[in-house]
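Residue-level listing of the chains:
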Amino acid sequence: MNAQQVEFLGVCGHLMSVPASLSGADVQCQSCHQVTRAPMPFVPGRPPAARSGSAVALTALYIVSLLVGLGAAAVIYVVKFNDLSEDQLVGLTPLWFFPVVFGLYGFVSQRLLRALAEGRAGTLSEAARLYTRLGGLFAVLTMFPFLVLKWHSSLLVSLAAALFWAGLLWFFFAAVFPEL
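Residues numbered from 1 in each chain as written. Predicted model: local features only at pLDDT ≥ 70, side-chain atom pairs only at ≥ 80, totals over all residues. Heavy atoms only, no water.

Structural notes on the overall build of the protein
Argument step 1. Counting secondary structure elements, the protein contains 4 helices and 4 strands.
Argument step 2. Counting helices and strands in the order they occur from the N terminus, the protein gives β-β-β-β-α-α-α-α.
Argument step 3. Across the 180 residues of the protein, 33% fall into the buried class.
Argument step 4. The long-range share in the protein, meaning contacts at least 24 apart out of those at least 6 apart in sequence, stands at 50%.
Argument step 5. Counting every atom, the protein has about 10,600 Å² of accessible surface; 68% of that belongs to carbon and sulfur. (Helix = DSSP H or I, 4+ residues; strand = E, 2+ residues; numbered from the N terminus. Buried < 20%, exposed > 50% of the residue type's maximum accessible area, 1.4 Å probe, protein only. Contact = heavy atoms within 4.5 Å. Areas by Shrake-Rupley, 256 points an atom, 1.4 Å probe, with all protein chains shown as cover.)

Encoded structure:
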């Protein structure tokens, strides 16, 4: 007998699944053991329950990171560009690049995990494929970590994506600007 399951993001960001009979009860995450209140099951036509405080805090972290990175890039390349040497510009790149990547991937990973929780996809890869159909080749490149990782934590996926792109950035500078 397969009881109806309720899927949701825990306060830790992990995807959780509990029997519908536990809706409204405090449940423990199997991955990190933090306690989260299980929401009521999703009913079509009824708006979904409000997100947890931690999910909202993570969204705020991702948005702030993205804005700080974009702001730093604007200052470096619009305001200070003529005052900086090529070496300095390259050296300052991580100051804006990593916050942008971290914020962008965090924000996107939360959307993908929400697609899982709402039943629009069965796996993180399927959720990423939904978005790649809309965005084409560019979306495939940006969704790469989501297509191969099976983690259900937006924070872990964001950190992994930032490290992945850090390696690519290092390779780019090593191959294109080896004298810097």
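And the narrative resumes.
Notes on helix α2 (residues 86-117)
The α-helix advances 3.6 residues per turn, and as a result positions three or four apart in sequence lie on the same side.
Argument step 1. Taking 1.5 Å of rise per residue, 32 residues should cover 46 Å, and α2 covers 46 Å from first to last C-alpha, within 8% of that figure.
Argument step 2. The largest bend in α2 amounts to roughly 30 degrees and is located at L92, with the proline P94 lying one to four residues further along. (Expected span 1.5 Å × (residues − 1). Bend = angle between axes of the 7 residues up to and from the residue.)

Here we look at a nonpolar patch on the surface
Argument step 1. Residues V75, Y77, V78, V79 and F81 make up a contiguous nonpolar surface patch of about 470 Å² in total accessible area.
Argument step 2. For V79, the position within the fold is in helix α1 (residues 53-79). (Patch = residues over 30% accessible without salt bridge, like charges linked within 9 Å, V, L, I, M, F, W, Y side chains within 5 Å. Salt bridge = Lys/Arg side-chain N within 4 Å of Asp/Glu carboxyl O.)

Brief notes about the nonpolar core
Argument step 1. L15, L112, L113, A115, L116, A121, L124, A127, A128 and M143 form the largest nonpolar core, which has 10 residues in total.
Argument step 2. Counting residues per element, the ones that place at least two in this core are α2 and α3 (124-148).
Argument step 3. Ignoring anything within four residues of it in the chain, the contact list for A127 reads L112, A115 and A121.
Argument step 4. Core analysis: the next-biggest nonpolar cluster, separate from the first, contains 8 residues, V90, Y105, A162 and F173 among them. (Core = buried A, V, L, I, M, F, W, Y, C linked by side-chain atoms within 4.5 Å.)

Quick word on the pairing of strand β1 (residues 5-9)
Argument step 1. Judged by which residues are buried, β1 turns out to be one-sided: V6 and F8 face inward and are buried, whereas Q5, E7 and L9, on the alternate face, are not.
Argument step 2. Across 5 bridges, β1 lies against strand β2 (residues 15-19) in antiparallel orientation. Across the sheet, the residue bridging to E7 is S17, located in β2. (Pairing = 2+ DSSP bridges.)

Quick word on the confidence of the model for the protein
Argument step 1. Per-residue confidence for the protein averages 78 on the pLDDT scale, and 78% of its residues sit at or above 70.
Argument step 2. Within the protein, α3 has the poorest average pLDDT of any element, 70, and α1 the best, 90.
Argument step 3. Of the regions scoring below 50 in pLDDT, residues 45-49 engages in 4 contacts with residues more than four places distant in sequence or in other chains. (pLDDT = per-residue confidence, 0-100.)

Quick notes on the packing of aromatic side chains
Argument step 1. Within the structure shown, the criterion is met by 7 aromatic pairs.
Argument step 2. Ring centres of Y62 and F102 lie 5.5 Å apart, and the angle between their planes is 65 degrees; this geometry places the pair in the edge-to-face category. Within this pair, whereas Y62 is found in helix α1, its partner F102 is found in helix α2, the two being separated by 40 residues in sequence. For the pair Y62 and F102, one class covers both residues: buried.
Argument step 3. Aromatic side chains F164 and W165 sit 5.5 Å apart centroid to centroid with 85 degrees between the ring planes, which places their arrangement in the edge-to-face category.
Argument step 4. With a relative accessible area of 24%, W165 lands in the partly exposed category.
Argument step 5. Feature note: the residues Y77, F81, W96, F97 and F98 constitute an aromatic cluster, connected by ring pairs.
Argument step 6. Above the ring of F107, the side-chain terminus of R111 is found at 4.0 Å from the ring centroid. (Phe/Tyr/Trp six-rings, centres within 6.5 Å; stacked < 30°, edge-to-face > 60°. Lys NZ or Arg CZ within 6 Å of the ring centre and 35° of its normal.)

Some words on the environment of V18
Argument step 1. Tracing the backbone through its elements, the reader meets V18 in strand β2.
Argument step 2. Note on V18: relative accessible area 7%, which makes it buried.
Argument step 3. For the pair V18 and Q4, spaced 14 residues apart in sequence, the C-alpha to C-alpha distance is 8.5 Å.
Argument step 4. Apart from the residues within four sequence positions on either side, V18 is in contact with Q4, Q5, V6, F8, V27 and A38.

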